[in-house]
Amino acid sequence: MDLFRSERMTLVQLIIPVESAYCAVSYLGEFGLLQFRDLNANKSPFQRTFANQVKRCGEMARKLQYFKDQILKSGITSFVSPTMQPDLEIEELEIQLTGLEHELDEINHNDEKLRMAYNELLEFKIVLQKASGFLLPSKRDTYAEIELGENVHSNGNYLQTASLLEEEVIPSTLEQSRLSSVSGIVCKSKRLMLERMLFRATRGNMLFNQSPADEVIVDPSTSEMVEKVVFVVLFSGEQTRTKILKVCEAFDANCYPVPEDVTTQRHIIREVLTRLSEMERTLDAGLHHRNQALISIAQCQAKWANMVRREMAIYKTLNMLNFDVTKKCLVGEGWCPTSSKAKIQEILQRATYDSKSQLGVILHEMEPTDSPPTYFRTNSFTKAFQEIVDAYGVAGYQEVNPTVYTIVTFPFLFAVMFGDWGHGICLLLGALALLALERKLKNQEVGSFMGMLFAGRYVLLLMAVFTIYCGLIYNEFFSIPFDFFGGSAYKCRDDSCSTAHTMGLFKYREPYAFGVDPRWRGSRSELPFLNSLKMKMSILLGVVQMNLGILLSYFNARFFGKQLDIRYQFLPQMIFLNSLFGYLSMLIVVKWCSGSQADLYHVMIYMFLSPTDDLGENQLFRGQKQLQIFLLLLALTAVPWMLFPKPFIKRKLRQESFQGCEYRRLGGSEVDDDMDNEPDPSNQRYGDFNFSEAFVHQMIHCIEFVLGAVSNTASYLRLWALSLAHSELSTVFYERILLLAWGYDNFIIRLGGLATFAFTTAFILLMMETLSAFLHALRLHWVEFQNKFYHGNGHKFRPFSFSSLTEEGGH
Amino acid sequence: MYGFEALTFNIHGGYLEAIVRGHRSTLLTASDYNNLCQCETLDDIKMHLSATEYGPYLQNEPSPLHTTTIVEKCTLKLVDEYKHMLCQATEPLSTFLEYITYGHMIDNVVLIVTGTLHERDVQELLEKCHPLGMFDSIASLAVAQNMSELYRLVLVDTPLAPYFSQCITSEDLDDMNIEIMRNTLYKAYLEDFYRFCQKLGGATAEIMSDLLSFEADRRAVNITINSIGTELTRDDRRKLYSNFGLLYPYGHEELAVCEDIDQVRAVMEKYPPYQSLFSKISYGESQLLDKAFYEEEVKRLCLAFEQQFHYAVFFAYMRLREQEIRNLMWISECVAQNQKSRVHDSVIFIF
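Given the structure is predicted, the values throughout are model-derived calculations rather than measurements. (Residues numbered from 1 in each chain as written. Chains lettered and ligands numbered in written order. Predicted model: local features only at pLDDT ≥ 70, side-chain atom pairs only at ≥ 80, totals over all residues. Heavy atoms only, no water.)

Draft legend 1. Molecular detail of the overall build of chain A. When helices and strands are tallied, chain A shows 25 helices and 13 strands. Counting over 811 residues, chain A shows a buried share of 44%. Expressed as a percentage of contacts within chain A between residues at least 6 apart in sequence, the contacts between residues at least 24 apart total 81%. Taken as a whole, chain A presents about 44,300 Å² of accessible surface, with 59% of it coming from carbon and sulfur. (Helix = DSSP H or I, 4+ residues; strand = E, 2+ residues; numbered from the N terminus. Buried < 20%, exposed > 50% of the residue type's maximum accessible area, 1.4 Å probe, protein only. Contact = heavy atoms within 4.5 Å. Areas by Shrake-Rupley, 256 points an atom, 1.4 Å probe, with all protein chains shown as cover.)

Draft legend 2. Focus on the packing of helix α10 (residues 380-392) of chain A against helix α15 (residues 457-474) of chain A. Residue and element names in this part refer to chain A. It is at 7 Å that the axes of α10 and α15 come closest, and there the two elements cross at 90 degrees. Taken as axis vectors, α10 and α15 run roughly perpendicular relative to one another. Of the residues in α15, those touching α10 at Ser380, Phe381, Ala384 and Phe385 are Arg457, Tyr458, Val459 and Leu462. Here the contact of α10 with α15 is composed, by residue class, of six nonpolar, one polar and one charged. (Axes fitted to C-alpha atoms, helices over the stretch in contact; angles between N-to-C directions. Parallel < 35°, antiparallel > 145°, perpendicular 65-115°, else oblique. Nonpolar A, V, L, I, M, F, W, Y, C, P; charged D, E, K, R; others polar.)

Draft legend 3. Broad picture of the packing of aromatic side chains. Enumeration according to the criterion identifies 58 aromatic pairs over all chains in this entry. With centroids separated by 4.8 Å and ring planes inclined at 35 degrees, the aromatic side chains of A:Phe759 and A:Phe763 adopt a geometry described as tilted. In this pair, A:Phe759 and A:Phe763 both sit in helix α24 (residues 747-785), four residues apart, roughly one turn of the helix. Stacked on the ring of A:Trp742, the Lys or Arg A:Arg750 has its end atom at 5.1 Å from the ring centre. Positioned over the ring face of B:Tyr54 is B:Lys77, at 5.4 Å from the centre of the ring. (Phe/Tyr/Trp six-rings, centres within 6.5 Å; stacked < 30°, edge-to-face > 60°. Lys NZ or Arg CZ within 6 Å of the ring centre and 35° of its normal.)

Draft legend 4. Up close: empty space enclosed by the protein. All names here are of chain A. Counted by the stated rule, this structure contains five cavities of 30 Å³ or more. Of the pockets and cavities examined, the largest cavity occupies roughly 90 Å³. As for the largest cavity, its lining consists of Tyr474, Asn475, Glu476, Ser479, Pro481, Val516, Asp517, Trp520, Arg521, Glu526 and Leu530. When the residues that make up the lining of the largest cavity are grouped by side-chain class, the tally is five nonpolar, two polar and four charged. (1 Å grid on protein atoms, 1.4 Å probe; cavity = no way out; pocket = protein on both sides within 12 Å on 5 of 7 lines; lining within 4 Å. Points joined across faces, edges and corners; volume = space filled by probe spheres on them.)

Draft legend 5. Representation of helix α12 (residues 421-436) of chain A in the model. Residues and elements named next belong to chain A. Spanning 16 residues, α12 covers 22 Å between terminal C-alpha atoms, matching the ideal 22 Å at 1.5 Å per step. Among the residues making up α12, those that are buried are Trp421, Gly422, His423, Gly424, Leu427, Ala431 and Leu434. On the buried face of α12, the contacting elements are α11 (403-418), α13 (438-442), α14 (448-455), α15, α23 (718-743) and α24. Between the side-chain oxygen of the N-cap and the backbone nitrogen of Gly422 there are 3.0 Å, and the N-cap of α12 in question is Asp420. (Expected span 1.5 Å × (residues − 1). Polar contact = N/O pair within 3.5 Å; in protein donor to acceptor, adjacent residues only side chain to side chain.)

Draft legend 6. Representation of the sheet that holds strand β3 (residues 180-187) of chain A within the structure. All names here are of chain A. Reading across from one edge, β4-β7-β3-β8 is the order of the four strands in this open sheet, with antiparallel pairing throughout. One side of each edge strand has no neighbouring strand; the edge strands of this open sheet are β4 (207-212) and β8 (254-256). For this sheet the average axis-to-axis angle between neighbouring strands, irrespective of direction, equals 25 degrees. Pairing of β3 with strand β7 (residues 228-235) involves eight bridges; the strand directions are antiparallel. From the neighbouring strand, Val186 faces β7, where its bridge partner is Val229. (Pairing = 2+ DSSP bridges.)

Draft legend 7. Molecular detail of a nonpolar patch on the surface. All names here are of chain A. Taken together, the side chains of Val446, Phe449, Met450, Met452, Leu453, Phe759, Phe763, Met767 and Met768 make up a nonpolar region of the molecular surface, amounting to roughly 890 Å² of accessible area. Looking at the nonpolar patch, the elements that each hand over two or more residues are α14 and α24. Here Met450 lies in helix α14. (Patch = residues over 30% accessible without salt bridge, like charges linked within 9 Å, V, L, I, M, F, W, Y side chains within 5 Å. Salt bridge = Lys/Arg side-chain N within 4 Å of Asp/Glu carboxyl O.)

Draft legend 8. A look at the interface of chain B and chain A. Across the contact, 26 residues belong to chain B and 21 residues belong to chain A. The tally of links between chain B and chain A comes to one salt bridge. Here chain B is connected to chain A by one residue pair in polar contact (both at pLDDT 80 or more). Of all elements in the fold, only α4 (42-49) and α9 (147-153) of chain B reach the threshold of two or more residues within the side of chain B that touches chain A. A breakdown of the residues in the side of chain B that touches chain A according to their chemical character gives eight nonpolar, eleven polar and seven charged.

Draft legend 9. Layout of the pairing of strand β1 (residues 9-17) of chain A. All names here are of chain A. Within β1, eight of the nine residues are buried, leaving the element largely enclosed by the surrounding structure. As judged from the nine bridges shared by β1 and strand β10 (residues 329-337), these two strands associate in the antiparallel manner. Across the sheet, residue Leu14 finds its bridge partner in β10, namely Gly332. With four bridges joining them, β1 and strand β11 (residues 362-365) adopt antiparallel strand pairing.

Draft legend 10. Representation of the confidence of the model for chain B in the model. Residue and element names in this part refer to chain B. Mean pLDDT over chain B stands at 85; residues scoring 70 or higher make up 96%. Across chain B, the secondary-structure element scoring lowest on mean pLDDT is α9, at 76, and the one scoring highest is helix α2 (residues 14-24), at 92. For this predicted complex, the interface confidence score (ipTM) comes to 0.72, while the overall pTM stands at 0.70. (pLDDT = per-residue confidence, 0-100.)

Draft legend 11. Region of the structure containing the pattern of salt bridges. All names here are of chain B. With the rule as written, the count across this model stands at 39 salt bridges over all chains. A salt bridge links Glu81 to Arg321; the nearest nitrogen and oxygen atoms lie 3.9 Å apart. With Glu81 in helix α6 (residues 67-88) and Arg321 in helix α18 (residues 312-336), this residue pair connects regions lying 240 residues apart in the sequence. Classification of Glu81 by relative accessible area gives buried; the value is 8%. Relative accessible area serves as the criterion here: at 1%, Arg321 is assigned to the buried category. One salt bridge in this structure joins Glu295 and Lys291, with 3.8 Å as the shortest N-O distance. Remark: Lys291 and Glu295 occur in helix α17 (residues 287-304); sequence separation between them is four residues, near one turn of the helix. For Glu295, a relative accessible area of 31% translates into the label partly exposed. Among the ionic contacts, a cluster of salt bridges with common partners joins Lys77, Glu81, Arg321 and Glu324.

Draft legend 12. Looking closely at the environment of A:Gly708. Residues and elements named next belong to chain A. Here Gly708 lies in helix α22 (residues 691-715). Note on Gly708: relative accessible area 10%, which makes it buried. For the pair formed by Gly708 and Glu784, sequence separation is 76 residues and the distance between their alpha carbons is 8.3 Å. The residues contacting Gly708, other than those within four sequence positions of it, are Ile703 and Thr713.

Draft legend 13. Up close: the environment of A:Leu564. For A:Leu564, the location among the structural elements is in helix α17 (residues 563-594). As a C-alpha pair, A:Leu564 and A:Asp324 span 240 residues in sequence and 47 Å in three-dimensional space.

Draft legend 14. Geometry of unusual backbone geometry. Across the junction of B:Glu91 and B:Pro92, the peptide omega takes the value -5 degrees, indicating a cis bond. Tracing the backbone through its elements, the reader meets B:Pro92 in the loop between α6 and α7 (93-117). Each neighbour pair has its own omega, and for B:Tyr248 with B:Pro249 the value is -5 degrees, a cis peptide bond. Locating B:Pro249 in the fold gives a position in the loop between α13 (234-240) and α14 (250-256). Phi angles above zero are rare outside glycine, and A:Asn475 is one such case at about 60 degrees. With respect to the helices and strands, the residue A:Asn475 is situated in the loop between α15 and β12 (490-492). Although it is not a glycine, B:Asn338 adopts a positive phi angle of roughly 60 degrees. Relative accessible area serves as the criterion here: at 68%, B:Asn338 is assigned to the exposed category.

Here it is in structure tokens:
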């Protein structure tokens with residue numbers, strides 16, 4: 001049984017000659033069953049031997065990431081599946097990647113330059129088209145001039161520099177010279193700022209005309225669409241022009257000269273348009289070229305990325321090895337399963353052979369200093385269950401693994417809470433669908449929720465199967481009872497009970513063959529009957545599972561050779577639990593078999609309060625009183641048995657070993673006084689033993705068990721509570737929604753009722769109830785079952801393996 | 001209100017204080033610096049930094065790294081953090097956070113104006129500006145020819161406008177004027193910030209007044225030392241000192257008349273907190289003074305984190321991070337220029 005205890009592990013030391021190190025490590029990664037220990041933990045990453053190679057791999061990974069981004073950005077999704085590519089050496093790949101990056105950079109750079117030129121032309125075209133509207137000759141111009149003149153005059157009174165301005169303006173009007181203009185284009189968001197700044201810079205002596213551009217322009221650096229605004233500034237004076245141009249430059253506003261003559265304008269526009277179309281063609285060609293390059297990269301990108309990841313992992317692993325300069329070899333330590341040691345040896349030999357090394361790799365066992373990692377060989381079926389257990393804590397080395405039992409008990413306890421074979425069939429269909437899609441989903445990335453569901457597909461399958469089983473026992477199909485296994489054992493005495501089906505039923509034949517009799521359904525005593533049944537069943541299941549837990553602690557103690565734990569922990573625990581709750585279970589079974597009317601609460605409570613009193617009508621069998629007193633005494637003795645002997649015996653053992661040690665030291669001191677300074681080996685083995693600590697620890701343990709026996713048993717009653725809630729909920733949905741809607745003779749209402757019923761069943765019962773039952777089953781396993789024996793203080797075996805690497809990379 | 005911040009502070013400031021304390025715990029430690037100082041190439045530095053909070057920012061940089069890239073990316077991280085905090089802040093914390101950036105704004109204004117004076121390209125200058133001190137119309141600073149134009153055109157829109165009112169002259173801009181302008185602006189800024197903190201009251205006022213006083217005193221000493229041997233008159237010099245701080249007012253009178261560094265030293269040694277500072281430096285040496293001041297500042301900034309429920313942690317964090325970036329810049333420069341022997345000269349360990 002592989003799963004019961006974790007694999008035996010061996011600490012091995014590898015001495016690998018430098019020339020075959022790479023080969024050996026890569027083969028080991030392929031094999032994936034050796035966990036290297038980091039022997040250079042005190043060195044920072046760049047001080048390690050292969051830091052350079054790791055850096056190079058990082059660089060390559062960055063380049064690949066850059067390609068990936070570029071591919072995503074260019075929106076290429078469909079490319080032919082990778083054809084047979086020649087296998088590349090990593091050095092070749094590096095050169096190729098550098099070349100490709102260079103090429104891509106160049107293409108991008110050219111593209112950007114072209115785009116900028118294109119944008120410039122486009123902007124020029126827009127400006128020409130728009131600005132000519134503002135700059136229509138003669139009439140419009142003089143109008144602006146007059147307005148400007150007025151503006152100056154009206155401002156003249158307030159501005160100190162008015163005289164200066166007038167000097168500027170007046171001669172120009174006298175000479176009948178035109179106002180100068182600057183036209184350009186600016187981002188819409190900066191327009192207001194620009195206008196304000198221009199106004200300030202020219203002290204208001206300008207006219208700002210604007211009009212939004214019809215086309216959006218692509219910003220080449222961010223490839224975002226930018227809305228722009230065409231503006232024309234009218235002003236006078238050369239100094240103002242330089243000022244305005246400077247301001248425009250500061251706001252990234254591109255200025256273009258607009259000729260004033262209409263015919264030249266037309267001419268230029270035509271020219272610009274032809275050049276634009278040329279440019280567009282060039283751009284398209286460039287884009288095509290780029291996409292071609294990207295497609296050819298995209299074909300091998302995934303493969304290369306995988307290769308680089310492996311390479312990086314190999315060097316990172318090599319960095320964990322000790323580099324022995326003088327002997328020209330690498331020394332590594334690691335854990336591997338004992339069973340695969342021979343295989344590893346073989347692999348290392350192959351590596352030596354393949355790398356044509358003179359020296360073989362030396363592999364030998366070492367004395368382990370710390371506890372070995374825990375490794376279970378799981379398959380796709382057991383993996384999910386192992387995960388459930390690991391989520392609580394990884395089993396210690398060779399500790400009993402609760403997964404073995406969890407595989408059956410977990411779905412079963414779930415089903416006890418969820419029992420309804422209608423719902424079970426729904427779950428089963430879901431689980432089967434997941435299994436059918438297994439091959440497809442395995443290699444595909446799914447969302448976190450679907451991923452979780454898929455990982456737990458076998459758990460789901462077992463849960464569904466057990467739910468159907470328990471549902472048949474409860475005789476519920478979406479809360480409707482069926483009579484598959486022969487008719488009901490009860491029938492009416494006369495016609496009265498067909499309306500008030502509560503009284504007057506009598507048993508007329510053998511009990512219903514399997515599960516709950518369908519007649520209970522809807523009767524007045526339905527709830528009391530089912531409650532009592534499920535409650536007792538919960539306690540029985542609980543006591544059995546807790547006993548199993550304690551039994552497993554015995555296996556653990558025997559395996560690790562801890563006699564103390566067997567004698568002073570396992571035995572009293574067993575006695576305590578069974579003398580109280582084992583006895584209760586027995587009473588339940590006896591009551592079921594004999595059909596007695598005894599009140600078990602009463603029996604249990606008075607067993608403690610007044611054990612010597614007569615049981616009266618609650619007596620189930622002869623000698624019950626004596627048995628109870630005996631059991632009570634047993635339970636009472638079990639408590640100090642659990643509490644006291646273990647720490648005291650431990651102290652005694654310790655003192656004995658300490659005495660032996662003192663003899664030795666006395667003998668030694670005659671020879672050499674330095675012995676005192678040496679660390680005492682026996683001291684080390686037993687560690688620092690603190691009696692009070694050990695005693696307190698034992699006390700806590702004892703109290704926890706004694707109280708836990710009561711509270712854990714009570715905790716198993718959740719099986720009953722959840723099962724009750726589930727069946728009540730489904731009854732309510734069935735009766736209050738489906739039957740109510742069916743009562744109307746209206747198609748729409750019926751359809752609505754059916755839809756609501758389906759919806760509530762799917763979401764509340766199949767999803768939320770499943771989740772809650774799952775969580776409660778989880779708790780029963782983690783707390784009530786596992787705290788009896790499971791320490792879970794181990795650490796997982798994480799072998800150096802390429803397959804786990806790609807999994808990480810994939811997600 | 002002093003003493004009652006604990007009741008109400010967390011309503012608005014609790015979240016951000018937690019954030020800033022979280023950021024503080026990611027500052028590089030002495031062991032980080034020790035490792036960094038052992039680096040052989042800039043790639044090593046990148047590799048080491050990738051294990052710290054700077055990792056994501058440096059991750060996708062192509063391999064021949066430059067010092068400027070490292071500094072730029074590290075600054076980007078600081079700016080991102082600052083912006084995040086500013087987005088979350090409510091009054092008066094948001095104003096407080098904005099005050100922190102005004103210093104950079106002044107520096108940027110001075111940088112651009114000086115640059116245009118020497119006819120540098122505006123875009124090139126803009127790249128050199130500290131991103132925390134950016135404002136919308138910063139590029140149009142180049143248009144201005146003299147101070148009043150500078151004010152009227154650009155700065156009137158910025159928060160610096162009130163500080164500027166003291167130094168409007170229609171003189172043309174030249175190096176000397178600009179330097180005086182910078183110091184006048186800084187003086188006004190520090191005084192305003194000081195007043196603002198006093199208005200906030202409580203532990204913020206207490207701690208910030210200590211930190212700002214130190215800043216003001218340091219500027220006073222630097223102004224004095226830099227103006228020795230220039231044509232700046234004593235009265236002008238006196239005007240550039242901020243009107244608060246430990247040296248105010250008597251120390252300022254004495255500093256104003258100093259003629260050489262040893263006189264400055266004599267003045268400063270009268271003040272016990274600065275005495276210890278100067279005692280480490282031998283006579284006539286002004287090179288190490290900067291480092292000594294920085295070290296003292298870092299010490300005081302770290303102490304700001306010892307108290308809770310106040311805003312000075314934000315100021316302290318920003319300053320510490322800037323110091324850290326300065327350290328990284330120094331280390332990278334030393335590594336890039338193969339001057340590893342000097343690497344410890346200017347690195348100030350924060351923790």
